[in-house]
Amino acid sequence: MNRIVPGTTLKFAEQARESAFSLIAPVLEATGGLTLSQLSNITGLEGSTIQNWVKRGWVPSTKGKKYYDRQILRILLINMLRGVMKLDEIVKLMAYVNGDVEDTSDDIIEEQALYDILCRIIFTAEDRGAFIPDDIRSLIEKELADSAESVRSDEDKLKKAMYVMVMAYRSAYIKKQMETELNEILKG
């Protein structure tokens, strides 16, 4: 399987298993923020798409022409879900978890912790070769118990949202596989 880190074009590296964002953090630190071009390369998104998400208020405002942790993480989260969810649904789901995009005081969990936990669940489920609903719920329970210090409030709300996010990510993967097979059939 040609595994990539969710929301990115980056190939999976074992380092991503514990902290997927750790693959991006060194570049971010070395450059003092990512440019639109760099972020576009990492996510596979058009620059105009990223700018549109910021303009619409789906991603925190940038400072100057650089993208920092909060903006990058929100973009990664949206990108990993957009394969099967409508953008307005993703935005509502993100608000359900972390309220106002510009205000971190209403967040249930920091977005880096959310992203890293989601990636760990996805990688574990992929390793097992199964995205069975009860197994995913158990993985969410375990990850949140192991990361209890990251959850600021309303763990039940977070569990529901994370379940939707993991299953949406997997659904997008399945949809892409189906489309690839269908295109081969239609060409032939």
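Novice: Lay out the overall build of the protein chain with the relevant residues and their values.
Specialist: Within the protein chain, the secondary structure is distributed over eight helices and zero strands. Ordered by position from N to C terminus, the α and β elements of the protein chain give α-α-α-α-α-α-α-α. A compact globule built from 188 residues should have a C-alpha radius of gyration of about 16 Å, and the protein chain, at 16 Å, falls within 12% of that. Dimensions of the protein chain, computed from C-alpha atoms along their principal axes, come out at roughly 50 × 40 × 30 Å. Per-residue burial for the protein chain yields a buried fraction of 45% across its 188 residues. When contacts within the protein chain are restricted to residue pairs at least 6 apart in sequence, those whose partners lie at least 24 apart make up 63%. Of the roughly 9900 Å² of accessible surface on the protein chain, 50% is carried by carbon and sulfur atoms. Across the protein chain, 25 positive and 29 negative side-chain charges occur, with their mean positions spaced 6 Å apart.

Novice: Before we move on, can you summarise the packing of helix H6 (residues 111-128) against helix H8 (residues 155-187) with the specific residues and values?
Specialist: Packing of H6 against H8 brings their axes to within 10 Å, and their N-to-C directions diverge by 50°. The orientation of H6 with respect to H8, classified from their angle, is oblique. In the packing of H6 onto H8, the handedness of the crossing is right-handed. Of the residues in H8, those touching H6 at Leu114, Ile117, Leu118, Ile121, Ile122 and Glu126 are Leu158, Met162, Met165, Val166, Tyr169 and Arg170. In the contact of H6 with H8, the residues fall into 10 nonpolar, no polar and two charged.

Novice: Any details on the pattern of salt bridges? Residues and values, ideally.
Specialist: Summed over the entire model, instances satisfying the criterion amount to 11 salt bridges. The partner of arginine 3 in a salt bridge is aspartate 127, with the nearest N and O atoms 2.6 Å apart. With arginine 3 in the segment before helix H1 (25-31) and aspartate 127 in helix H6, this residue pair connects regions lying 124 residues apart in the sequence. Its salt-bridge partner being aspartate 127, residue arginine 17 comes within 2.7 Å of it at the nearest N-O pair. Taken as a pair, arginine 17 in the segment before H1 and aspartate 127 in helix H6 lie far apart in primary sequence, 110 residues in all. Looking at arginine 17, the relative accessible area reads 22%, which means it is partly exposed. Through salt bridges with shared partners, a single ionic network connects Arg3, Glu14, Arg17, Glu126 and Asp127.

Novice: Would you mind going over H8 in detail, with residue names and values included?
Specialist: Along its 33 residues, H8 runs 48 Å from first to last C-alpha, staying within 8% of the 48 Å computed at 1.5 Å per residue. Looking at the buried positions of H8, the neighbouring elements they touch are helix H4 (69-81), helix H5 (87-98), H6 and helix H7 (133-146).

Novice: Before we move on, could you go through the environment of isoleucine 108 and cite the residues and values that matter?
Specialist: By secondary structure assignment, the location of isoleucine 108 is in the loop between H5 and H6. For the pair formed by isoleucine 108 and glutamate 29, sequence separation is 79 residues and the distance between their alpha carbons is 26 Å.

Novice: Quick rundown of the packing of aromatic side chains? Include the residues and the values.
Specialist: Counted by the stated rule, this structure contains one aromatic pair. Considering the side-chain rings of phenylalanine 12 and phenylalanine 123, the 4.8 Å spacing of their centres and the 70° angle between planes classify their relative orientation as edge-to-face. Of this pair, phenylalanine 12 sits in the segment before H1 while phenylalanine 123 sits in helix H6, and the two are 111 residues apart along the sequence. Each member of the pair, phenylalanine 12 together with phenylalanine 123, is buried.

Novice: Run through the nonpolar core, naming residues and quoting values.
Specialist: Side chains that are nonpolar tend, in soluble globular proteins, to be buried together. One finds Ile72, Leu114, Tyr115, Ile136, Leu158 and Met162 to be the most contacted residues of the largest nonpolar core, which totals 57 residues. Of all the elements in the fold, those that place two or more residues in this core are helix H2 (36-43), helix H3 (47-55), H4, H5, H6, H7 and H8. If you tally residues by element for this core, the top one is H6, at 10 residues. Discounting chain neighbours no more than four positions away, the residues touching tyrosine 115 are Val5, Pro6, Thr8, Ala20, Phe21, Leu73, Leu76, Leu77 and Met80.

Novice: A description of H4 should follow, citing residues and the corresponding values.
Specialist: Between its first and last C-alpha, H4 extends 19 Å over 13 residues, near the 18 Å set by a 1.5 Å rise per residue. Extensive coverage of H4 is indicated by the burial of 11 of its 13 residues. Among the residues of H4, those classed as buried are Gln71, Ile72, Leu73, Arg74, Ile75, Leu76, Leu77, Ile78, Asn79, Met80 and Leu81. The elements touched by buried residues of H4 are H1, H2, H3, H5, H6 and H8.

Novice: With reference to specific residues and values, describe unusual backbone geometry.
Specialist: Residue aspartate 154 is not a glycine yet carries a positive backbone phi of 40°. Relative to the helices and strands, aspartate 154 is located in the loop between H7 and H8. A relative accessible area of 42% places aspartate 154 in the partly exposed class.

Procedures and definitions
- Residues numbered from 1 in each chain as written.
- Predicted model: local features only at pLDDT ≥ 70, side-chain atom pairs only at ≥ 80, totals over all residues.
- Heavy atoms only, no water.
- Helix = DSSP H or I, 4+ residues; strand = E, 2+ residues; numbered from the N terminus.
- Rg over C-alpha atoms; globule rule 2.2 N^0.38 Å.
- Buried < 20%, exposed > 50% of the residue type's maximum accessible area, 1.4 Å probe, protein only.
- Contact = heavy atoms within 4.5 Å.
- Areas by Shrake-Rupley, 256 points an atom, 1.4 Å probe, with all protein chains shown as cover.
- Lys, Arg positive; Asp, Glu negative; His and termini not counted.
- Charge placed at Lys NZ, Arg CZ, Asp CG, Glu CD.
- Axes fitted to C-alpha atoms, helices over the stretch in contact; angles between N-to-C directions.
- Parallel < 35°, antiparallel > 145°, perpendicular 65-115°, else oblique.
- Left-handed = near helix turned anticlockwise from the far one by under 90°.
- Nonpolar A, V, L, I, M, F, W, Y, C, P; charged D, E, K, R; others polar.
- Salt bridge = Lys/Arg side-chain N within 4 Å of Asp/Glu carboxyl O.
- Expected span 1.5 Å × (residues − 1).
- Phe/Tyr/Trp six-rings, centres within 6.5 Å; stacked < 30°, edge-to-face > 60°.
- Core = buried A, V, L, I, M, F, W, Y, C linked by side-chain atoms within 4.5 Å.

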